[in-house]
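Residues per chain are reported as follows:
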Amino acid sequence: MTTTLSSTTVSRWSNAALGWTAAAVLLLVWQLGAASARSPYFPTPIDIFGNVYDRWFSAGLSHGILTDSFYSDILPSIGRLLVGLAIAWVVGITLGVLLGRIPVLAMTIEPLLHFMRGLPGPVLLPLALVLIGTGSAMRIGLITFGAIWPVLFNTYSAVRQVPEGFEDAARSTRISRTGMLFRVILPSASTGIFAGIKVSTSLGIILLIASELYAASDGIGFGLSQAQRSFEFLTMWSYIVALSLLGYLSNLLLVRIEHSLLDWHRLRMAIDN
């Protein structure tokens, strides 16, 4: 088992090194190509990251590094994303467990849920603007609506696939229903739930930016649209980089949390292999 885990760790580090090397090569090619072309539409990575630093991280240590622009451009988007995703995860996991444990409920509302899942979130933006308004509540609601479906259906599928032997063994110990849920059902379905959470995070970021492109007064999407209207191409690229970093850091954080919580699953897989 130790050998298997060690080889897994080495493979993970080698894959990470390969990925960073490919990214560095891509940035180098971009830098050389943009510097030689001197096109205002495609600034060099050095210029872009310099603008990112000056715009959001140049306040100095005495002011906490973060500039005032960070609090008006980045922080509102992060807050909306976190609230929208948290609601989607709680509701999605709860409803997914109920559907997986109550077949009659699943047969009753599953067609309706599939119909609602087929509605693209951005298409509902005009309706949301009319019904809810232009505030953060509309943007959070749109994120929640689009991000809930991967969590819900992944949880539903994972709960249905929990081996009956696990439940039979737990019942033999006279475990309570609450204990069955939190000690058997959810741990067994955790890998599927986390898969849905990661997909929902990507969808949430897409819907966040889509909602901030219209009738917004702050956030990444608002800054991006303002830069586009002013033909400030370097600023546009800075917001695109900020959006990419938000997605990358979100995924990295979720992967770390998943690895911390699911150590038992990796150990079981290593033993089985």
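Conventions used here
- Residues numbered from 1 in each chain as written.
- Predicted model: local features only at pLDDT ≥ 70, side-chain atom pairs only at ≥ 80, totals over all residues.
- Heavy atoms only, no water.
- UniProt positions renumbered as here; feature names shortened; annotations may be inferred.
- Helix = DSSP H or I, 4+ residues; strand = E, 2+ residues; numbered from the N terminus.
- Expected span 1.5 Å × (residues − 1).
- Bend = angle between axes of the 7 residues up to and from the residue.
- Buried < 20%, exposed > 50% of the residue type's maximum accessible area, 1.4 Å probe, protein only.
- Polar contact = N/O pair within 3.5 Å; in protein donor to acceptor, adjacent residues only side chain to side chain.
- Axes fitted to C-alpha atoms, helices over the stretch in contact; angles between N-to-C directions.
- Parallel < 35°, antiparallel > 145°, perpendicular 65-115°, else oblique.
- Contact = heavy atoms within 4.5 Å.
- Nonpolar A, V, L, I, M, F, W, Y, C, P; charged D, E, K, R; others polar.
- Salt bridge = Lys/Arg side-chain N within 4 Å of Asp/Glu carboxyl O.
- Core = buried A, V, L, I, M, F, W, Y, C linked by side-chain atoms within 4.5 Å.
- pLDDT = per-residue confidence, 0-100.
- Phe/Tyr/Trp six-rings, centres within 6.5 Å; stacked < 30°, edge-to-face > 60°.

As annotated in an unreviewed UniProt entry, the chain is ABC transmembrane type-1 domain-containing protein from Rhodococcus pyridinivorans KG-16. Recorded in UniProt under Subcellular location (unreviewed entry), the annotation for the chain is "Cell membrane". For the chain, the Sequence similarities (unreviewed entry) comment in UniProt is given as "Belongs to the binding-protein-dependent transport system permease family."

Asker: I tried to follow helix 7 (residues 136-160) on my own but got confused; where do I start?
Answerer: Helical periodicity: at 3.6 residues per turn, an α-helix aligns residues three or four positions apart in one direction. Relative to the 36 Å expected for 25 residues at 1.5 Å per residue, helix 7 spans 36 Å between its end C-alpha atoms, a close match to the ideal helical length. Of all the bends found along helix 7, the most pronounced is centred on Ile148 and spans about 35°, while Pro150, a proline, follows it within four residues. Most of helix 7 sits out of view: 19 of its 25 residues are buried.

Asker: Help me understand the environment of Thr67, please; the structure alone is not making it clear to me.
Answerer: Mapped onto the fold, Thr67 is located in the loop between helix 2 (45-56) and helix 3 (68-73). Taking relative accessible area as the criterion, Thr67 reaches 11% and is therefore assigned buried. Engagement of the side chain of Thr67 in a polar contact is seen with the backbone oxygen of Arg55, the distance being 2.6 Å.

Asker: I would appreciate a short explanation of the packing of helix 4 (residues 75-101) against helix 5 (residues 103-117) in the present structure.
Answerer: Between two packed helices, both the angle of their axes relative to each other and the distance between the axes serve to describe the pair. Running from N to C, helix 4 and helix 5 cross one another at 125°; their axes reach a closest spacing of 6 Å. The angle between helix 4 and helix 5 falls in the class oblique. Note on element contacts: helix 5 touches helix 4 through Pro103, Leu105, Ala106, Ile109 and Leu113, opposite Leu95, Leu98, Leu99 and Arg101. Partitioning the contact of helix 4 with helix 5 into residue classes produces eight nonpolar, no polar and one charged.

Asker: Explain the pattern of salt bridges here, please?
Answerer: Opposite charge on two side chains allows them to pair when their charged atoms are near. Throughout the structure, instances matching the rule amount to three salt bridges. Residues Arg80 and Glu212 are paired through a salt bridge, measuring 2.7 Å at the closest nitrogen-oxygen approach. In this pair, Arg80 is assigned in helix 4 and Glu212 in helix 9 (residues 177-212), connecting sequence segments 132 residues apart. Owing to a relative accessible area of 8%, Arg80 belongs among the buried residues under this scheme. The shortest N-O distance in the salt bridge between Arg80 and Asp218 comes to 2.5 Å. Taken together, the positions of Arg80 in helix 4 and Asp218 in the loop between helix 9 and helix 10 (220-229) put the pair 138 residues apart, joining distant regions of the chain. One network of salt bridges, with partners in common, ties together Arg80, Glu212 and Asp218.

Asker: Could you clarify how one ought to interpret the nonpolar core in this entry?
Answerer: A general feature of soluble globular proteins is that nonpolar side chains tend to end up buried together. With 35 residues, the main nonpolar core has Trp56 and Trp149 as its most contacted residues. Mapped by element, the contributors of at least two residues to this core are helix 2, helix 4, helix 5, helix 6 (125-131), helix 7, helix 9, helix 10 and helix 11 (233-261). Here this core takes 10 residues from helix 7, the largest share from any one element. With residues near it in sequence (within four places) discarded, Trp56 still touches Ile65, Leu66, Thr67, Ser69, Phe70, Asp73, Ile74, Ser238, Tyr239 and Ala242.

Asker: Would you mind showing me how to read the confidence of the model for the chain here?
Answerer: Parts of the model with low pLDDT should not have their predicted coordinates read in detail. Of all residues in the chain, 92% attain a pLDDT of 70 or more, and the chain-wide mean is 85. Mean pLDDT across the secondary structure elements of the chain bottoms out at helix 12 (residues 263-272), with 54, and peaks at helix 4, with 94.

Asker: Please clarify how the packing of aromatic side chains should be interpreted in this entry.
Answerer: The tally for this structure, following the rule as stated, stands at 10 aromatic pairs. Consider the rings of Phe145 and Trp149, whose centres lie 5.7 Å apart with planes at 85°: the pair is edge-to-face. Of this pair, Phe145 and Trp149 both sit in helix 7, separated by four residues, roughly a single helical turn. Across the pair, exposure class does not vary: Phe145 and Trp149 are buried alike. By the ring-pair criterion, three or more aromatic residues cluster together here, those being Trp30, Phe42 and Trp237.

Asker: Help me understand the UniProt feature "domain: ABC transmembrane type-1" (unreviewed entry) in the chain, please; the structure alone is not making it clear to me.
Answerer: UniProt annotation of "domain: ABC transmembrane type-1" (unreviewed entry) refers to residues 74-258 when read in the numbering used here. The distance separating the terminal C-alpha atoms of residues 74-258 is 25 Å; by composition the span is 83% helix and 0% strand.

Asker: Could you clarify how one ought to interpret the UniProt feature "transmembrane region" (unreviewed entry) in the chain in this entry?
Answerer: In the numbering used here, UniProt assigns the feature "transmembrane region" (unreviewed entry) to residues 78-100, 112-132, 138-159, 180-197 and 236-257. Counting secondary structure, residues 112-132 comes out at 62% helix and 0% strand; the distance between its end C-alpha atoms is 23 Å. From the first C-alpha to the last, residues 180-197 spans 22 Å; its make-up is 100% helix and 0% strand.

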